[in-house]
Amino acid sequence: MDYDFSFFLFVASLVTGTIWGGYLLLLKSKGREFDENNEPIAVEYARSFFPIVLIVFLLRSFIAEPFRIPSASMMPTLLIGDFLLVNKFTYGIRLPVINKKIIGINEPERGDIVVFRFPKDPTVDYIKRVIGLPGDKVSYYNKKLYINDAPVNQTSLGSYQGVGQGQDMTGSEHLEENLTGVEHSILIRNDAPTVEGTYVIPADNYFVMGDNRDNSNDSRYWGTVPEENLVGKAFFIWMNWDWEHKGVGFDRIGTVLK
C-alpha cells in the first residue's frame, strides 16, 4: 500500500462519512429529527466536507489525475511547469490506494506518454514515453533507436531553442522520430555521453524513454516498468506555469498530447 494523496483522501472520506453517518444513526435511534442549528461543530464540518472530499477522491481515483512536470526529461514534448491531466481508466480500472486492477480495458501502445510509479521507489511518479512492448527487442546505439532490429526513422529539424527553465537545452539537435506510426519530437546532444545496449522486454512490462534522450533517467538505466506500476496515460496540458522565467505559458494551455 502506498501512502500517497489518494490514501489521505480515502481516510478523509472515511472519517467525515463515519462522523456524519454515525450522527444520523444516533438521532434515528433516539427518535429525533436532524436540526442543523443544533448539530455539534465536528458533525457540521464532516457534513460540509464529506461530499467534496468523496467527489475529489472518486474523480482522482477513477477518471483523471493532475500531474506536474518537474524536469526536462520529456522536452520538447513536455516543458518544465506543464500541468497535465492523466487518464486513469485507459489501461483499466484499479482499486484506489492498493492499486489493484479489477477491470482490464486497454493495454499501453507504443508511443503513449504514461505516468507510472517508479519501480525503484513506488512513492514517486515518473512520466516517460512507451518505446518497447512485452516481447519486443529494443536496442539503443550511437543515439539511434532500433525496435525488433529495425531502425526507427529520425528526421532532423535543426537546432533547438530552449525556453523557460529548459533554456540550457538550446543547441541540442531537434529531431522528429517516427515510432512505428507515432510521430513525436526528441532532443539529442551529440557531445553528451550515452548508455547503450539491447533489451528484451519481459511479459507484462514496458520499456520507457524520455524524449530528451540525453537528459532522462529511464529504462536504459533501471529496467522496465511492470504493468501494475502504471498510473495512466497523459493526454492534456491544462496549465503551464514557469515560475522562474516567463510565468504562465498561455500558448501551452489546451495542448492535446500524442
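Residues numbered from 1 in each chain as written. Predicted model: local features only at pLDDT ≥ 70, side-chain atom pairs only at ≥ 80, totals over all residues. Heavy atoms only, no water.

## As for the overall build of the chain
This is how it is decided: Secondary structure elements follow DSSP: runs of H or I of four or more residues count as helices, runs of E of two or more count as strands, with numbering from the N terminus. Only the C-alpha atoms count toward the radius of gyration. The rule for a globule is 2.2 Å times the residue count to the power 0.38. Only protein chains enter the accessibility calculation, which uses a 1.4 Å probe. A residue is then buried if its area is under 20% of the maximum for its type, exposed if over 50%, and partly exposed in between. Should any heavy atoms of two residues lie within 4.5 Å, those residues are considered in contact. Here the accessible surface of atoms and residues is derived via Shrake-Rupley with a 1.4 Å probe, and residues count as covered only by protein chains that are part of the display. Positive charges are assigned to Lys and Arg, negative charges to Asp and Glu, while His and the chain termini are left out of the count. Taken as the charge location is NZ of Lys, CZ of Arg, CG of Asp or CD of Glu.
Per the secondary structure count, the chain includes three helices and 17 strands. Computed over the C-alpha atoms, the radius of gyration of the chain is 23 Å, more than 25% above the 18 Å expected from 2.2 N^0.38 for a compact globule of 258 residues. If one aligns the C-alpha atoms of the chain with their principal axes, the spans along those axes are about 80 × 45 × 25 Å. Here the chain holds 258 residues, and 45% of them are scored as buried. When contacts within the chain are restricted to residue pairs at least 6 apart in sequence, those whose partners lie at least 24 apart make up 58%. For the chain, the accessible area works out to roughly 13,300 Å², and carbon and sulfur atoms hold 58% of it. Charge-centre separation for the chain: the mean point of 25 positive side chains lies 3 Å from the mean point of 32 negative side chains.

## Re helix 1 (residues 5-29)
Here is the rule we go by: To estimate the expected span of a helix, count its residues, drop one, and scale the result by 1.5 Å.
Over its 25 residues, helix 1 runs 36 Å from end to end, which matches the ideal 36 Å to within 8%, given 1.5 Å per residue. Positioned one or two residues after helix 1, G31 has a phi angle of 70°, which is positive.

## Focus: the nonpolar core
For soluble globular proteins, nonpolar side chains are generally found buried alongside one another. Where we set the bar: For the purposes of this section, nonpolar cores are sets of buried Ala, Val, Leu, Ile, Met, Phe, Trp, Tyr and Cys residues that join through side-chain atoms within 4.5 Å.
Grouped together as the largest cluster of nonpolar side chains are 14 residues, with contacts concentrated most on I131, V138, L145, L179, F207 and M209. When contributions to this core are tallied by element, the ones reaching two or more residues are strand 7 (137-141), strand 8 (144-147), strand 11 (173-179), strand 12 (182-188) and strand 14 (205-209). Aside from chain neighbours lying at most four places away, what touches F207 is R129, V130, I131, G132, V138, Y199, I201, S219, R220 and T224. Judged by nonpolar contacts, the second largest core, of 13 residues, contains I69, M74, I127 and A234.

## Side note on the sheet that holds strand 7
Each strand in a sheet pairs with another by means of backbone hydrogen bonds, the pair being arranged parallel or else antiparallel. The criterion, for reference: Any two strands with at least two DSSP-identified bridges between them are counted as paired.
Read from one edge of the open sheet, four strands run 9-8-7-13, paired in antiparallel fashion. Either end of the sheet is taken by a strand with one partner, and the two such strands are strand 9 (150-151) and strand 13 (197-200). Two strands pair when backbone bridges link them, and strand 8 and strand 9 are joined in this way by two bridges, in the antiparallel orientation. Note that in strand 9 the partner of Y146 across the bridge is P151.

## Considering the sheet that holds strand 10 (residues 153-159)
Worth spelling out the cut-off: Under this scheme, a helix contributes an axis fitted over its contacting stretch, all axes are lines through C-alpha atoms, and angles between N-to-C directions fall in the 0 to 180 degree range.
Spatial strand order, 10-11-12: three strands in an open sheet with antiparallel pairing. At either margin of the open sheet sits one strand with a lone partner, and together these are strand 10 and strand 12. On average, each strand axis in the sheet is inclined to that of its neighbour by 25°, with strand direction left out of account. Across seven bridges, strand 11 lies against strand 12 in antiparallel orientation. Paired with L179 across the bridge in strand 12 is V182.

## Structural notes on the side chain of D218
Tracing the backbone shows D218 in the loop between strand 14 and helix 3 (219-222). Judged by its relative accessible area of 0%, D218 falls in the buried class.

## Remarks on the pattern of salt bridges
What counts here: We define a salt bridge as a contact between a side-chain nitrogen of Lys or Arg and a carboxyl oxygen of Asp or Glu at a distance within 4 Å.
Under the counting rule described, the total for this entry stands at 13 salt bridges. Across the pair R60 and E65 runs a salt bridge, and its minimum N-O distance is 2.9 Å. The class for R60 is buried, based on a relative accessible area of 14%. Counted as one network, the salt bridges with shared partners bring together R60, E65 and K88.

## Quick word on unusual backbone geometry
In this structure, P76 follows M75 across a cis peptide bond, with omega equal to 5°. In this model, K143 sits at a positive phi of 65°, which is unusual for a non-glycine residue. For K143, the location among the structural elements is in the loop between strand 7 and strand 8. With relative accessibility at 10%, the residue K143 sits in the buried group. In the Ramachandran plot, N148 falls in the positive-phi region, its phi being about 55° despite a non-glycine side chain. Note that N148 resides in the loop between strand 8 and strand 9.

## Looking at helix 2 (residues 41-62)
We apply this condition: What the bend at a residue measures is the angle between two axes, fitted to the seven residues ending there and to the seven starting there.
For helix 2, with 22 residues, the first-to-last C-alpha span of 32 Å sits near the 32 Å given by 1.5 Å per residue. Along helix 2, the largest kink reaches about 35° and is centred on F49; proline P51 follows within four residues of it. Of the residues making up helix 2, those classed as buried are V43, A46, V53, F57, R60 and S61. In this structure, the buried residues of helix 2 make contact with helix 1 and strand 1 (64-68).

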